[in-house]
Amino acid sequence: MSDALEIRKIAVLGASGFLGVPICNFFKSKGWEVCIFSRKTQIGPLHNELFADLFDPKSLENSLNIAKPNVVISTAWDTEHGKFWTNEANIAYRDATLKFAALSFEAGVETFIGIGTGFEYGSFPGICEAETSSLVESDIYSKSKIETGLGLKALGEKYERKTHWARVFQAFGPNEKLERFIPSLITNLTKEAKFSIRAPDNEMDWIHTTDVASAIVFSLENNLNHFIDVGTGVGTSVRGLSELICREFDLDVSLLDFSEQVPGHTKRAVVSPRSQLLSLGWQPTESLRNRIRSLQ
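So, here's what we can say about the structure. Position labels on residues start from 1 in each chain and follow its written sequence. Totals for whole chains, interfaces and linings use all residues, but because this is a predicted model, local features are given only for residues with pLDDT of at least 70 and pairs of side-chain atoms are given and counted only at 80 or more. With hydrogens and water excluded, all non-hydrogen atoms of the structure serve as input to the side-chain values.

We now examine the overall build of the chain. Secondary structure counts use DSSP, requiring at least four H or I residues in a row for a helix and at least two E residues in a row for a strand, with both numbered from the N terminus. Counting its secondary structure elements, the chain contains nine helices and 15 strands. Considered along the principal axes of its C-alpha atoms, the chain spans approximately 55 × 40 × 40 Å. Type-normalised accessible area, obtained with a 1.4 Å probe on protein chains alone, sets the label of each residue: buried when under 20%, exposed when over 50%, and partly exposed for intermediate values. Residues classed as buried in the chain amount to 51% of the 296 residues present. Across the chain, every contact between residues at least 6 apart in sequence was considered, and the portion connecting residues at least 24 apart equals 75%. In these tables, accessible area is a Shrake-Rupley quantity obtained with a 1.4 Å probe, and a residue counts as shielded only by the protein chains included in the view. Surface exposure of the chain reaches about 13,800 Å², of which carbon and sulfur atoms provide 49%. Distance between charge centres in the chain, computed from 31 positive and 37 negative side chains, equals 2 Å. The contact criterion used throughout is that any non-hydrogen atoms of two residues lie within 4.5 Å. Positive charges come from Lys and Arg, negative ones from Asp and Glu, while His and the chain ends are left out of the count. The location of each charge is read from NZ of Lys, CZ of Arg, CG of Asp or CD of Glu.

This is the structure in structure tokens:
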């Protein structure tokens, strides 16, 4: 891929999902032609919406041959709340994602992008940097993600094509599942119900989904290396975020029920400012406060 800036056609699998929607929107805003691969659509007359099922290789092959994208990104994965950590489906998603990448390269795709997770470094690993931080197989979810990222790198080397594995940290934004932390907090406090928070002093790298999309475009257009840590480089405690939400939504902060955290047991999961994404100049376009405010 001699000039990444010339690449302007991308196929997105999982385009209707939590990350898929902002990724499609951001690529479109940057002038890219976006082709949607989805199980919910049939072949469209303009070939910008094509039927494709991650577990149906023939449908993937057909859509790739019709769309002829330069870049493919797959956001599809098992995300059933509370269960995906231990679900055997993770293995199936690992295998299917790698098969999809191989089919993409065989169809002439120049770059394949997969979505990893900051949990590949463990539950609360501290300051994370892809080049130096250890990977931790905490559960079948993190293990499968780790294996997919490594397998994708090997496929890229085999086919002599470009690959990116974006390890996304604590993403939030529109259309989150109601069971996740931020929507659940807002829903409970809006009903004037108490909301219990364990380990309130733990720090996480909260990143809005629009900024996730921005980071992926930046990584692609600036030819970053395979493993990319996608976060802001700023840690915000669960307590601090919860109180911020209360201020911005005019909710009763006294309804927050914070557990006492054992001194010395505060944990962090934050992208290092030395990571390639941040060190090359990428940064979120809005503050955490503005991103929280935009959820209203």
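Still more ground to cover, so stick around.
Turning to helix α1 (residues 20–29), its buried residues are Gly20, Pro22, Ile23, Cys24, Phe26 and Phe27. Contacts made by the buried residues of α1 are with β1 (9–13), β2 (33–38), β4 (71–74) and α6 (209–221). Immediately beyond the C-terminal end of α1, within one or two residues, lies glycine 31, with a positive phi of roughly 90 degrees.

Okay, unusual backbone geometry next. Glycine aside, negative phi is the norm for most residues, and most peptide bonds take the trans geometry. For lysine 68, which is not glycine, the phi torsion reads 50 degrees and is therefore positive. Tracing the chain through its elements places lysine 68 in the loop between α2 (57–67) and β4. Phi angles above zero are rare outside glycine, and asparagine 175 is one such case at about 65 degrees. Within the secondary structure layout, asparagine 175 lies in the loop between β8 (170–172) and α5 (181–190). What makes asparagine 175 exposed here is its relative accessible area of 63%.

A few words on the packing of aromatic side chains. Only Phe, Tyr and Trp rings are paired, with Trp represented by its six-membered ring, and only when their centres lie within 6.5 Å; those with planes under 30 degrees apart are stacked, over 60 edge-to-face, the remainder tilted. This structure, assessed with the given rule, holds 13 aromatic pairs. Taken together, a centroid distance of 5.0 Å and an interplanar angle of 90 degrees make the contact between tryptophan 85 and phenylalanine 119 edge-to-face. Linking tryptophan 85 in the loop between β4 and α3 (89–106) with phenylalanine 119 in the loop between β5 (111–117) and β6 (126–128), this pair joins segments that are 34 residues apart in sequence. For tryptophan 85, a relative accessible area of 29% corresponds to the partly exposed category. Feature note: the residues Phe84, Trp85, Phe119 and Tyr141 constitute an aromatic cluster, connected by ring pairs. Two thresholds decide whether a charge sits over a ring: the Lys NZ or Arg CZ must be within 6 Å of the ring centre and within 35 degrees of the ring normal. Directly above the aromatic system of tryptophan 77 lies the positively charged group of lysine 145, at a separation of 3.9 Å from the ring centroid. Stacked on the ring of phenylalanine 258, the Lys or Arg arginine 239 has its end atom at 4.5 Å from the ring centre.

This brings us to the packing of α1 against α6. Between α1 and α6, the shortest axis-to-axis distance is 8 Å and the interhelical angle comes to 55 degrees. The orientation of α1 with respect to α6, classified from their angle, is oblique. In this structure, α1 crosses over α6, and the sense of that crossing is right-handed. On α6, the residues that touch Pro22, Ile23, Phe26 and Phe27 of α1 are Thr209, Thr210, Ala213, Ser214, Ile216, Val217 and Leu220. Its residues assigned to classes, the contact of α1 with α6 shows eight nonpolar, three polar and no charged. Angles run from 0 to 180 degrees between N-to-C directions of axes, and those axes are lines fitted to C-alpha atoms, restricted for helices to the stretch in contact. Should an angle lie under 35 degrees it is considered roughly parallel, over 145 roughly antiparallel, and from 65 to 115 roughly perpendicular; all remaining angles are considered oblique. We call a crossing left-handed when the near helix sits turned anticlockwise from the far one by less than a right angle, and right-handed when that turn is clockwise. Charged means Asp, Glu, Lys or Arg here, nonpolar means Ala, Val, Leu, Ile, Met, Phe, Trp, Tyr, Cys or Pro, and polar covers whatever is left, Gly included.

The term nonpolar core refers to a set of buried residues drawn from Ala, Val, Leu, Ile, Met, Phe, Trp, Tyr and Cys, joined through side-chain atoms within 4.5 Å. With 64 residues, the main nonpolar core has Phe27, Phe37, Phe100 and Ile216 as its most contacted residues. Not counting chain neighbours up to four residues away, the residues in contact with phenylalanine 27 comprise Ile10, Trp32, Val34, Ile216, Val217 and Leu220. One finds Phe195, Met204, Val238 and Phe249 within the second-largest nonpolar core, a separate group that totals 20 residues.

Another aspect to go through is the pairing of strand β7 (residues 162–168). Extensive coverage of β7 is indicated by the burial of six of its seven residues. As paired elements, β5 and β7 share seven bridges and run parallel to each other. Paired with glycine 116 across the two strands is arginine 167, which belongs to β7. Judged from the four bridges that link them, β7 and strand β12 (residues 227–230) form a sheet pairing that is parallel. Following DSSP output, two strands are said to pair if at least two bridges run between them.

Our focus in this paragraph is the pattern of salt bridges. Whenever a carboxyl oxygen of Asp or Glu lies within 4 Å of a side-chain nitrogen of Lys or Arg, that contact is scored as a salt bridge. One pass over the full model with this rule turns up 15 salt bridges. For aspartate 95, the salt bridge is made with arginine 94, and the minimal N-O distance between the two is 2.8 Å. On the basis of relative accessible area, arginine 94 is assigned to the buried category, the value being 19%. Salt bridges sharing common partners tie together Arg94, Asp95, Lys143 and Glu147.

Before going further, it helps to spend a moment on the sheet that holds β5. Read across the open sheet, the seven strands follow the order β3-β2-β1-β4-β5-β7-β12; overall the sheet is parallel. For this open sheet the edge positions go to β3 (49–51) and β12, each flanked by a neighbour on one side alone. With strand direction ignored, the average angle separating the axes of adjacent strands in the sheet is 25 degrees. Two strands pair when backbone bridges link them, and β4 and β5 are joined in this way by four bridges, in the parallel orientation. Each bridged residue has a counterpart across the sheet, and for valine 71 the counterpart in β5 is threonine 111. Each of β1, β2, β4, β5 and β7 is contacted by α3, which is oriented at about 165 degrees to β5, the strand it contacts most. Relative to β7, helix α4 (residues 140–159) is tilted by about 160 degrees, and along the sheet it contacts β5, β7 and β12.

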